Amino acid sequence: MTGKTYAAGPRRFGAVLASLALIATACTSGDAETQGSDEADAAPAELSISPDTGEENLPPNSPVNVAAEGGSITGVDVDQSVGEDDEEDPDLYEMTGTLNDDDTEWVSDWNLRPGAEVVVTATAENEAGEETELVHEFTTEAAPEGNRLGLASNFPNSGDTVGVGMPVVINFDHPVTNKVEVENSMDVESEEEIAGAWNWVDDQMAVFRPEEYWEPHQQVSVDLNLAGVEAADGVYGNRNHEIDFEVGRELIATMHVPDHEMEIEIDGEHDRTFEVSNGAANREFDTTTSGTHVLMERHEDLTMDAATLGIDEDDPDYYRLDVKYAVRTSNSGEFVHEMSSNGNIGSANTSNGCTNLRMDDAQWFFENTLMGDILDTTGTDREFEWDNGWGYWQMSWDEWLEASETGEPQMTDGSGTPAPVHGDV
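From a predicted model like this one, the values you see are computed outputs, not experimental measurements.

**Student:** Would you take a moment to explain the packing of aromatic side chains for this structure?
**Tutor:** Here the distance between the centres and the angle between the planes together describe a pair of aromatic rings. Enumeration over the complete set of coordinates arrives at 11 aromatic pairs. Aromatic pair Tyr 325 and Phe 366: ring centres 5.3 Å apart, planes at 55 degrees, arrangement tilted. Placement of Tyr 325 in strand β25 (residues 320-328) and of Phe 366 in helix α4 (residues 359-368) is noted, with a sequence separation of 41 residues between them. Phe 366 matches Tyr 325 in its accessibility class, with the two residues each being buried. Between Trp 386 and Trp 400, the aromatic rings sit 6.5 Å apart at their centres with planes inclined by 80 degrees, giving edge-to-face as the arrangement. Of the two residues, Trp 386 is situated in the loop between β28 (374-378) and α5 (397-403) and Trp 400 in helix α5; the sequence distance between them amounts to 14 residues. Judged by its relative accessible area of 30%, Trp 386 falls in the partly exposed class. Three or more aromatic residues joined by ring pairs make a cluster, and in this case those are Trp 198, Phe 208, Trp 214 and Phe 245. The aromatic ring of Tyr 93 is capped on one face by Arg 113, whose charged end is 3.7 Å from the ring centroid. Between Lys 179 and the ring centre of Trp 200, over which it is positioned, the NZ or CZ distance is 5.5 Å.

Here's what the structure looks like:
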C-alpha cells in the first residue's frame, strides 16, 4: 500500500541536461577542481515531514507535506496499513503527490485511509548527490460505524461498453455537504483527452459529463479516491473505488416527431430508418419530450403501469400494458419499445408518450443499442428536463460548468482534479 512520487519527467530531464553541462565544463575548464571541492563540502539536505512522527488518531483528511532545504526531494513513499485482515487492492491506495517547480515541497494529492498506521519515507539529495532520508510514523482516526461514506450504486459499472453520451453517475449512501472536497476526490481519465465537470442532482447523486460526447472506441477510468474525505461533518469515506469502462461505436438516433420516423446513424454513417408512433400529445404526460436523451436501462419484457406516473386506475387515461424490448429514455415513463398492436406506426402519433416500434425493429433497437447511446428528439412542445433521467446534455457546457461546485473543468489527461481534497486542519 505504497506510493512513490518523484520529480516530474521534464524536470528530471532538465536535471540530466544540467549534469551533462557540468561534465562538459570539467573537460574544458580549470575551475572544475574547485567546483568539485565545493560540492564535496556541501551540507546535507534537510528534510521535514508533516504530520509529526508519533501523532495518533489524526483526521484522515490531513495532508502529508514534505519540505527540503539545501537540496531537492527525490522520493516520497506513503505506506498505509489498516491491519492484517485488509483485503483491499493496494493499487487503489497508492499515494501520489505534487512537487513544486524547484522540487523542494511535496503535498499529497489524496486523503489518508481512516484507521491506518501510516509510514512516510522521504529522500532528498544535496548538490553533491548525497542522500538524506527521513521517516515519520503516525496513525489516523477510524471512520465511525454508520458514518462512512460509500457507494449505493454507480453507472456505468466496470467492464461495461457504453455509448458516447454516457455520463458517470455516482449515488452515495450518505448526504454530501462538503461537495467541493468530494468532487476533487473523483478523477476521470480517458485515452482521448477532453474537459469535463461534476454536478450534483441532489446531495447524494454526483454526475460527471464531458464538454462534448466522448470520442468513440476508447477506454475511460474513474478513480474514486474517497478514503479519508470528509463528506459531511463527521462522515468520512472509508474506501477507494475504480470504475473502468469502454466507449464503443458512436450511435446517434434522431426523430422529428411529426415525421413518424427514427433515423439511426452509426459512426457517422446512416444505418437504417424505422417507422414509429410517438405520443398523442393530448396532455403533457402523453407528449413525447423534445431534447437530447441518453439511453438508460432496458427490459426484454416490461409491464407499463400508468400508476407509476401518478395516474389512478379509475382515471380514463389509465393504462397497463405488457410490452417487449423496452429501452428507457427518461424517468418520466418514456421508453422506446415494441407495440405491434399500434396500427398507426409510421402514420400517426397515438402512443402514451413512448416511441412505439414494430416487433422486428424494436428487437433490433434493443439488441444493438447501448446504455449511453443518444436519441435526439424534436418537433414537440414539451421540453425534456435536464434532471429527468439522464437529460444532462440539455444543459450547455457553460451552464454545466457553472453549476459545478468547483466551477473549474477537469481534464481527463491524468493531470488531476482542480483543487485540493484536504480539510482545514
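**Student:** In this structure, what is going on with the nonpolar core? I would like to understand it.
**Tutor:** Core analysis: the largest hydrophobic core is formed by 45 residues, its most contacted members being Phe 172, Val 182, Met 186, Trp 198, Phe 245 and Trp 390. Taken together, the elements giving at least two residues each to this core come down to β12 (168-172), β13 (186-190), β14 (195-202), β15 (205-210), β16 (218-224), β17 (230-232), β19 (241-247) and α5. Apart from residues no more than four positions distant in its own chain, Phe 172 is found in contact with Leu 149, Gly 150, Leu 151, Ala 152, Val 182, Met 186, Trp 200, Gln 204, Ala 206 and Leu 226.

**Student:** Sorry if this is basic, but what is going on with the pairing of strand β3 (residues 65-69) here?
**Tutor:** Residues in a regular strand project their side chains so that they alternate between the two faces of the sheet. On β3, burial follows the alternation: Val 66 and Ala 68 on one face are buried, whereas Asn 65, Ala 67 and Glu 69 on the facing-out side are not. Two elements, strand β2 (residues 46-50) and β3, share 5 bridges in a ladder whose sense is antiparallel. Looking at the pairing, Ser 48 lines up with Ala 67 of β3. Bridge count between β3 and strand β6 (residues 105-108): 3 bridges; the pairing is antiparallel. Along β6, the bridge assignment pairs Asn 65 with Val 107.

**Student:** Please clarify how the sheet that holds β16 should be interpreted in this entry.
**Tutor:** By way of backbone hydrogen bonds, the strands of a sheet pair with one another, either parallel or antiparallel. On the basis of which strands lie adjacent, the open sheet formed by 4 strands has the order β11-β19-β16-β13 and mixed pairing. Where the open sheet ends on each side, the last strands, each with one partner, are β11 (161-162) and β13. Pairing analysis gives 5 bridges linking β13 to β16, with the strands arranged antiparallel. Its bridge partner lying in β16, Ser 190 is registered against Val 220.

**Student:** Would you take a moment to explain the environment of Gly 234 for this structure?
**Tutor:** Residue position: Gly 234 is located in the loop between β17 and β18 (235-237). We classify Gly 234 as partly exposed; its relative accessible area is 25%. Those residues in contact with Gly 234, other than ones at most four positions away along the chain, are Pro 144 and Asn 147.

**Student:** What should I look at first to understand the pattern of salt bridges in this one?
**Tutor:** Opposite charge on two side chains lets them pair, provided their charged atoms get close. Within this structure, the stated rule accounts for 10 salt bridges. Across the pair Glu 297 and Arg 328 runs a salt bridge whose closest N-O atoms are separated by 2.7 Å. In this pair, Glu 297 sits in the loop between β23 (291-294) and β24 (298-305) while Arg 328 sits in strand β25, placing the two residues 31 residues apart along the sequence. For Glu 297, a relative accessible area of 37% translates into the label partly exposed.

**Student:** Even after reading the chapter, I still don't get the side chain of Ser 330, so can you show me in this structure?
**Tutor:** Along the chain, Ser 330 falls in the loop between β25 and β26 (335-338). Exposure remark for Ser 330: the relative accessible area of 0% places this residue in the buried category. Polar contacts involving the side chain of Ser 330 include one to the side chain of Ser 332, which spans 3.0 Å.

**Student:** So what exactly am I meant to see when it comes to the sheet that holds β12 here?
**Tutor:** Strand order in the open sheet formed by 5 strands is β10-β12-β15-β14-β29, and the pairing between neighbours is antiparallel. Since the sheet does not close on itself, it has two edges, and those belong to β10 (151-155) and β29 (410-411), each with one partner. Bridge analysis of β14 against β29 gives 2 bridges, and the strand direction is antiparallel. What sits directly across from Gly 196, in β29, is Gln 410.

**Student:** I tried to follow the confidence of the model for the protein chain on my own but got confused; where do I start?
**Tutor:** The predicted model of the protein chain has a mean per-residue pLDDT of 90, with 90% of residues at 70 or higher. This model gives residues 1-30 a pLDDT under 50, and the stretch forms 43 contacts once residues within four places in sequence are excluded.

**Student:** Whenever I open this one, the side chain of His 174 confuses me. Can you help?
**Tutor:** Take His 174: it is sitting in the loop between β12 and α3 (179-183). A polar contact is formed between the side chain of His 174 and the backbone oxygen of Gly 146, at a distance of 2.9 Å. A distance of 3.0 Å separates the side chain of His 174 from the side chain of Asp 173, its partner in a polar contact. Each residue touching His 174, except ones within four places of it in the same chain, is listed here: Gly 146, Asn 147, Arg 148, Leu 149, Asp 203, Gln 204 and Val 235.

Calculation rules
Residues numbered from 1 in each chain as written. Predicted model: local features only at pLDDT ≥ 70, side-chain atom pairs only at ≥ 80, totals over all residues. Heavy atoms only, no water. Phe/Tyr/Trp six-rings, centres within 6.5 Å; stacked < 30°, edge-to-face > 60°. Helix = DSSP H or I, 4+ residues; strand = E, 2+ residues; numbered from the N terminus. Buried < 20%, exposed > 50% of the residue type's maximum accessible area, 1.4 Å probe, protein only. Lys NZ or Arg CZ within 6 Å of the ring centre and 35° of its normal. Core = buried A, V, L, I, M, F, W, Y, C linked by side-chain atoms within 4.5 Å. Contact = heavy atoms within 4.5 Å. Pairing = 2+ DSSP bridges. Salt bridge = Lys/Arg side-chain N within 4 Å of Asp/Glu carboxyl O. Polar contact = N/O pair within 3.5 Å; in protein donor to acceptor, adjacent residues only side chain to side chain. pLDDT = per-residue confidence, 0-100.

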